[in-house]
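Take a look at the letters that make up each chain.
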Amino acid sequence: MGKGQLELLERDGRYISVPNGISMLPMIRGRKDAVVVEKIKDKPKRYDLVMYVRGKELGVIHRVIKFKDDKYIICGDNCWQLEYVEPKQRIAQIVIAPY
């Protein structure tokens, strides 16, 4: 997620993105499907899709598996490795609808 997307998110509260990659197959197909990304309004729940920032600008869309020890445990649908994400630092927004 680059500077432009962050600006759109701040200004409009949402933006449309075309993800790249295979981590969310079969639900989201890289470079074929689009998703609507919104600012987080409520705490993400189990099975919600979220986009979080990995590194400086890479936005990653994965699913919330659970919340434990003040961290979200997140994983792509087509992945096996769990990621531990601190909500205040890294989760940027919720993906509300792939289409």
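Use the structure listed above.
Calculation criteria
- Residues numbered from 1 in each chain as written.
- Predicted model: local features only at pLDDT ≥ 70, side-chain atom pairs only at ≥ 80, totals over all residues.
- Heavy atoms only, no water.
- 1 Å grid on protein atoms, 1.4 Å probe; cavity = no way out; pocket = protein on both sides within 12 Å on 5 of 7 lines; lining within 4 Å.
- Points joined across faces, edges and corners; volume = space filled by probe spheres on them.
- Helix = DSSP H or I, 4+ residues; strand = E, 2+ residues; numbered from the N terminus.
- Nonpolar A, V, L, I, M, F, W, Y, C, P; charged D, E, K, R; others polar.
- Core = buried A, V, L, I, M, F, W, Y, C linked by side-chain atoms within 4.5 Å.
- Buried < 20%, exposed > 50% of the residue type's maximum accessible area, 1.4 Å probe, protein only.
- Contact = heavy atoms within 4.5 Å.
- Salt bridge = Lys/Arg side-chain N within 4 Å of Asp/Glu carboxyl O.

**Things to note about the layout of surface pockets**
One way to see where empty space is left: roll a probe the size of a water molecule over the atoms. Taken as a whole, the largest pocket encloses approximately 370 Å³ of empty space. As for the largest pocket, its lining consists of 21 residues, and the residues nearest its centre are Pro19, Asn20, Gly59, Val60 and Ile61. Elements that contribute at least two residues to the lining of the largest pocket include exactly strand E1 (14-17), strand E3 (49-54) and strand E4 (58-68). Counted by class, the lining of the largest pocket contains eleven nonpolar, nine polar and one charged residues.

**Considering the nonpolar core**
Within the largest apolar cluster, ten residues are counted, these being Leu9, Tyr15, Met24, Ile28, Val35, Val37, Leu49, Met51, Ile61 and Val95. Those elements giving two or more residues to this core turn out to be strand E2 (35-39) and E3. Apart from the residues lying within four places of it in its own chain, the contact partners of leucine 49 are Met24, Met27, Ile28, His62, Arg63, Ile94 and Val95. In terms of nonpolar packing, the next biggest core, distinct from the first, is built from nine residues, Val60, Val64, Val85 and Ile91 among them.

**Some details on the pattern of salt bridges**
Enumeration over the complete set of coordinates arrives at eight salt bridges. In this structure, the salt-bridge partner of glutamate 83 is arginine 54, at a minimum N-O distance of 2.5 Å. Here arginine 54 lies in strand E3 and glutamate 83 lies in strand E6 (residues 83-85), a separation of 29 residues in the sequence. Residues joined in a network through salt bridges with shared partners are Arg14, Glu38 and Lys41.

Scope: geometric values only; no functional claims are made or implied.
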